[in-house]
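Secondary and tertiary structure notes
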Amino acid sequence: MSAPAPARAESPRPTAIVRIADAGLIVACLSLAFGLLLVFFPVSFPRILLHSWQTGHLTMAMMVITLAVDASLYLRVTYRWSGRPTALAAACLGAMPILVAVGLSFLLQIVVSETVSTDMPNLQARVNEEILAHTYLGLVSGVFLPFLVIRLLQPLKAARSSRPA
Amino acid sequence: MMADWMSLKWLLWISLYLVLGVLMPWATSLAWAHQHGSDLRPRPRQLFQRGELGLIGMVLVISVIWDLLRSPYMLQTRTLGAVLLGMAGTMAGAVWIEFYCRHSTGTVCSSERAWRDSRNLAFLVFSMATVVEILLDRFAKVAGQ
């Protein structure tokens, strides 16, 4: 009977390091796509967004889009650098896009009601433009902010883990 | 429906920043090399390898925030946009600062990484600035009616 093979000591995979520039590239592409849609479909694209907002689907759509983009970007980063995903990053990526979308939805409601209560001409068009701007800012912040928070927390976590017990 | 050409003035505006901020330094370096009979032929990647693109992004953000704050958008929208633009600009500028600090203190620093980070974040700032200027242009038309 042969001797058992020695157990191979597996070195633990390093924690995935998120660079804000990776998120920046994706947000830039998303932003550019939004801008191109605005330029080439200046009437129909805002109308679709307005209709989604009126039917109450805009916030949900923003949540789905930002969550999908965040998750795919984080998986890409971990795969590219062969890093180990962390619970903190997963929690941040899972919660923040939802919080951002809900928070901005409340903010948009306040903005719309304040706009309607003013005595300015062309109110409907103003409300449409506010919705358009909030949709854009919501998409950007929903993707960018979670990665910014992860990036800012990374040095703190590294310092805590390197501190002697 | 295509936008009319007058509504594409944001393209001219962003081109000014690209020409004066990126192409002009590069052309100046080539002109300097030609004048001094040098073999120097720097590519933009070499010229901005210390993260200077991030600095250009930060300068661009200042003018967009200024335009946004003077716009007829509601206060909440202006604040949100200004904060987001400010954060993107700060992160872009931080690449240049970080490279400088690392280089000055002898900490490990990679010009490859500084170039990549500053390029990505400058692209982010330029695309955000472009979309915000498009939105401002649209709102100015609505408010002017």
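Keep in mind it's a predicted model, so treat the numbers as computed, not measured.

1. Focus: the overall build of chain B
- When you go through chain B residue by residue, the secondary structure sums to 5 helices and 0 strands.
- The order of α-helices and β-strands along chain B, N terminus first, is α-α-α-α-α.
- Dimensions along the principal axes, computed over C-alpha positions, put chain B at roughly 55 × 35 × 25 Å.
- Per-residue burial over chain B gives 37% buried out of 145 residues.
- Partitioning the contacts of chain B with sequence separation of at least 6, the portion at a separation of at least 24 is 76%.

2. Examining the overall build of chain A
- On a plain count of helices and strands, chain A comes out with 5 helices and 0 strands.
- Seen in sequence order, chain A has helices and strands lined up from the N terminus as α-α-α-α-α.
- Looking at chain A residue by residue over its 165 residues, the buried ones come to 33%.
- Within chain A, residue pairs in contact and separated by at least 24 positions form 81% of the contacts whose partners lie at least 6 positions apart.

3. A look at the interface of chain B and chain A
- Counting from both sides, the interface comprises 28 residues of chain B and, opposite them, 35 residues of chain A.
- Of all elements in the fold, only α4 (75-105) and α5 (111-144) of chain B reach the threshold of two or more residues within the side of chain B that touches chain A.
- The biggest single contributor to the side of chain B that touches chain A is α5 of chain B, with 15 residues.
- Among the residues making up the side of chain B that touches chain A, the classes are represented as 18 nonpolar, 7 polar and 3 charged.

4. Some remarks on the packing of helix α1 (residues 9-35) of chain B against α5 of chain B
All names here are of chain B.
- For the pair α1 and α5, interaxial distance at closest approach is 9 Å and the crossing angle is 150°. Crossing hand, α1 versus α5: right-handed. Here Lys9, Trp10, Trp13 and Ile14 of α1 come into contact with α5, specifically with Phe126, Ala129, Thr130, Glu133, Ile134 and Asp137.
- Considering only residue class, the contact of α1 with α5 consists of 6 nonpolar, 1 polar and 3 charged.

5. Some thoughts on α5 of chain B
- In a regular helix each residue adds 1.5 Å, so 34 residues correspond to 50 Å; α5 of chain B covers 48 Å between its end C-alpha atoms and thus fits that length.
- With 24 of 34 residues buried, α5 of chain B is to be regarded as a mostly interior element.

6. What to know about the environment of glutamate 98 of chain B
- On the secondary structure map, glutamate 98 of chain B appears in helix α4.
- Residues glutamate 98 of chain B and alanine 114 of chain B, 16 residues apart in the sequence, show an inter-C-alpha distance of 8.6 Å.

7. Some points on unusual backbone geometry
- The phi dihedral of asparagine 122 of chain A is positive, around 60°, even though this residue is not glycine.
- Within the fold, asparagine 122 of chain A resides in the loop between α4 (87-117) and α5 (123-162).

8. A look at helix α3 (residues 52-69) of chain B
All names here are of chain B.
- Here α3 contains 18 residues, and its C-alpha end-to-end distance of 26 Å stays within 8% of the 26 Å for a straight helix at 1.5 Å per residue.
- Those residues of α3 that fall on the buried side of the exposure criterion are Glu52, Leu53, Gly54, Leu55, Ile56, Gly57, Met58, Leu60, Val61, Val64, Ile65 and Leu68.
- Buried residues along α3 sit in contact with α1, α4 and α5.

9. Digging into the confidence of the model for chain B
Residues and elements named next belong to chain B.
- Residues at a pLDDT of 70 or more form 95% of chain B, whose mean pLDDT is 88.
- The lowest-confidence element of chain B is helix α2 (residues 44-47), averaging 85 in pLDDT; the highest-confidence one is α4, averaging 93.
- Predicted as a complex, the structure gets a pTM of 0.87 and an ipTM equal to 0.86.

10. Re the environment of phenylalanine 147 of chain A
Residue and element names in this part refer to chain A.
- Counting through the fold element by element, phenylalanine 147 comes out in helix α5.
- With 128 residues separating them in the primary sequence, phenylalanine 147 and arginine 19 have C-alpha atoms 8.0 Å apart.
- Beyond its immediate stretch of four places on either side in the chain, phenylalanine 147 contacts Val18, Ile20 and Ala23.

11. Some details on the environment of histidine 103 of chain B
- One can find histidine 103 of chain B in helix α4.
- Sequence separation between histidine 103 of chain B and tyrosine 73 of chain B is 30 residues, and the spatial gap between their C-alpha atoms is 43 Å.

12. Remarks on the packing of helix α3 (residues 58-80) of chain A against α4 of chain A
All names here are of chain A.
- Two elements in contact, α3 and α4, have axes whose closest approach is 9 Å; the angle formed by their N-to-C orientations is 155°. Comparing the axis directions of α3 and α4 gives the class roughly antiparallel. Our pair here, α3 against α4, has a crossing hand that is right-handed. Contacts between α3 and α4 involve Thr59, Met62, Met63, Thr66, Leu67, Asp70, Ala71 and Tyr74 from the former and Ala89, Leu93, Pro97, Ile98, Ala101, Val102 and Ser105 from the latter.
- Grouping the amino acids of the contact of α3 with α4 by side-chain chemistry returns 11 nonpolar, 3 polar and 1 charged.

Rules behind the numbers
Residues numbered from 1 in each chain as written. Chains lettered and ligands numbered in written order. Predicted model: local features only at pLDDT ≥ 70, side-chain atom pairs only at ≥ 80, totals over all residues. Helix = DSSP H or I, 4+ residues; strand = E, 2+ residues; numbered from the N terminus. Buried ≥ 20, exposed ≤ 12 C-beta atoms within 10 Å, placed from the backbone. Contact = placed C-beta atoms within 7 Å. Nonpolar A, V, L, I, M, F, W, Y, C, P; charged D, E, K, R; others polar. Axes fitted to C-alpha atoms, helices over the stretch in contact; angles between N-to-C directions. Left-handed = near helix turned anticlockwise from the far one by under 90°. Expected span 1.5 Å × (residues − 1). pLDDT = per-residue confidence, 0-100. Parallel < 35°, antiparallel > 145°, perpendicular 65-115°, else oblique.

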